[in-house]
Amino acid sequence: MAERNIEIKRAIKEITETGKLLWQKGWAERNAGNISIRIEKYIHDNEEKNLKTKKTFYKLNNKLTNLSGKVFLVTATGSRMRDIGKNPDESILTIKISDKGDGYYILSNTKNKILPTSELIVHLLIHQELLKNKLHEIRAIAHTHPTELIALTHIKKYADEKNLNKLIKSIHPENTMFVNEGVGFIPFLLPGSYDIAEATVKSLQKHKLAVWEKHGCFAVGKTVSAAFDIVDMVNKSAKIFFLCKAARLKLQGLSEKQIQKLSVLMNNLH
Ligand code: 2HA
Ligand code: ZN
C-alpha cells in the first residue's frame, strides 16, 4: 500500500466504521449505499506517481470546474458496506478531479480494478454545490437505504415533503431540535441519473438530508458520522410510526405547542 497521509487514514476509518453501522441497521442490503469524503489536504505521495504512469483518466459528462484538482475518497461500485472493514483498500478509491473538471483520475493503487460508486455524479455535484456555497467544513456525503423511512415514502400521504416533515417532527423531539429545517423529498427518479443528482443538489441547499422516494436518502455532514446521525434521527420517527401502527395503536404525536417549545429550546441552545 502506498504511503497515506493522516487525513486519508482518518477518512478511511470513518467510512469503514459507518459502513459497518449501516449494515447493522439493516440499511445496506447487498451493495446498497455509498459514501464520499472530500480530502482537504492531499499530500502528494506514491499514489500520484502511479497516476502519472498509469493514466487512469475517466471522463465525466458534466464539467465540474469548481472541483478542479480536488481529491475525494469514494466507495467502490459493488462494494458491500459490511465488508469495507475487511479490505478497505479494495473497497474505497481515492480520486482526483482533472484540472479542467471534465473527469477524474483514480489515484489509489488496488490489486483488482475497482471503479467508483454508481452514484458518483450525485456525490460530486453535491460536493461542488457545498464548495460553491463556501460550506467547506461539510465534507462527507452518505447514501443509504433506511428501511422505515423508505416505507413511509410508499404511503401516498407521506410521499409529500410537507406531510412527511410534519410527521417526522411530530414523533420524535430530536428532529425538531437537530433537523429543524426538515428533510427534502424527491419523487422517484432513476438512481445514478443526472436528473436525480440535480434534484438532490437543489434539495440539499435547504436540508441536510434528502429523501429519495421508494429508494433511500442522501445526507451530508462534517463527518460521515454526522451524516449518519441525521439519517438515524429521521428514521427513528418513521420506526416509531410503524411500531404504533403495527400494534394497532393510535399515534398521539407531539402537539404543535410541544413542537414549538422544542423549537424555542433549540434556538436558545444554538
Ligand atoms: O450503491 O445504493 O443507489 C448502490 C446504491 C445505488
Ligand atoms: Zn441506493
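In what follows, the structure referred to is the one given above.
Within every chain, residues take consecutive numbers counted from 1 along the sequence as written. A letter from A marks each chain and a number from 1 marks each ligand, given out in the order of writing. Only residues with pLDDT of at least 70 get local features here, since the model is predicted, and only at 80 or more are side-chain atom pairs given and counted; chain-wide, interface and lining totals rely on the full set of residues. With hydrogens and water set aside, each side-chain value is computed from the structure's full complement of heavy atoms.

## Things to note about the coordination of the zinc ion (ligand 2)
Only nitrogen, oxygen and sulfur atoms qualify as donors, and only when within 2.8 Å of the metal (3.2 Å in the case of Na, K and Ca); with water excluded, sites may look incomplete. Within the protein, the atoms that donate to the zinc ion (ligand 2) are His143 (NE2), His145 (NE2) and His215 (NE2), at distances of 2.1 Å. Going along the chain, you hit the donors of the zinc ion (ligand 2) in the pattern H-x1-H-x69-H. On the criterion of sequence distance, the pair formed by His145 in the loop between β6 (140-144) and α4 (147-153) and His215 in the loop between β8 (209-212) and β9 (216-221) is long-range, its members being 70 residues apart. The cut-offs for exposure are 20% and 50% of the maximum accessible area for each residue type, with area from a 1.4 Å probe on protein chains only; residues under the lower value are buried, those over the upper are exposed, and the others partly exposed. On the basis of relative accessibility, which here comes to 13%, the residue His145 falls in the buried class. Secondary structure elements follow DSSP: runs of H or I of four or more residues count as helices, runs of E of two or more count as strands, with numbering from the N terminus.

## Points about the site of ligand 1
Around ligand 1 lies a shell formed by Asn31, Ala32, Gly33, Asn34, Ser118, Glu119, His143, His145 and His215. In this structure, Gly33 approaches ligand 1 through a main-chain N or O atom, which is 3.0 Å from an oxygen atom. We call two N or O atoms a polar contact when they sit within 3.5 Å, provided that within protein one can donate a hydrogen and the other can accept it, with sequence-adjacent residues counted only if both atoms are side-chain atoms. Between an oxygen atom of ligand 1 and a side-chain N or O atom of His145, the distance comes to 3.1 Å. Here ligand 1, which alone exposes 220 Å², has 85% of that area covered by the protein. Think of it as three bins: nonpolar holds Ala, Val, Leu, Ile, Met, Phe, Trp, Tyr, Cys and Pro, charged holds Asp, Glu, Lys and Arg, and polar takes everything else, Gly as well. Of the residues belonging to the shell around ligand 1, the class tally is 1 nonpolar, 7 polar and 1 charged. We define proximity as follows: a residue is near a molecule or strand when any one of its heavy atoms falls within 4 Å of that partner. Accessible areas in this description were obtained via Shrake-Rupley with a 1.4 Å probe; residue shielding takes into account the shown protein chains only.

## Details of the sheet that holds β6
Within the open sheet, the 9 strands sit side by side as β2-β5-β4-β3-β1-β6-β9-β8-β7. Their pairing is mixed. What marks the edges here is a single partner per strand, and that holds for β2 (57-59) and β7 (184-186). Sheet twist, expressed as the mean angle between neighbouring strand axes with direction ignored, is 20°. Whether two strands pair comes down to DSSP finding at least two bridges between them. One ladder, built from 4 bridges, connects strand β1 (residues 34-39) with strand β3 (residues 71-75); its direction is antiparallel. Convention adopted: a line fitted to C-alpha atoms gives each axis, helices being fitted over their contacting stretch, and angles between N-to-C directions are expressed from 0 to 180 degrees.

## Focus: the side chain of Glu90
You can see Glu90 is positioned in the loop between β3 and β4 (92-97). Note that His is not counted, nor are the chain ends; the positive residues are Lys and Arg, and the negative ones are Asp and Glu. We count a salt bridge whenever a side-chain nitrogen from Lys or Arg sits within 4 Å of a carboxyl oxygen from Asp or Glu. No salt bridge is formed by the buried Glu90; the nearest opposite charge belongs to Lys111, separated by 5.2 Å. Side-chain polar atoms of Glu90 contact the backbone nitrogen of Lys111, separated by 2.6 Å. It only takes one pair of heavy atoms within 4.5 Å for two residues to be counted as in contact. What Glu90 contacts, discounting residues up to four positions off in sequence, is Thr110, Lys111, Asn112 and Ile114.

In short, the description is geometric, and any link to function would need to be established separately.
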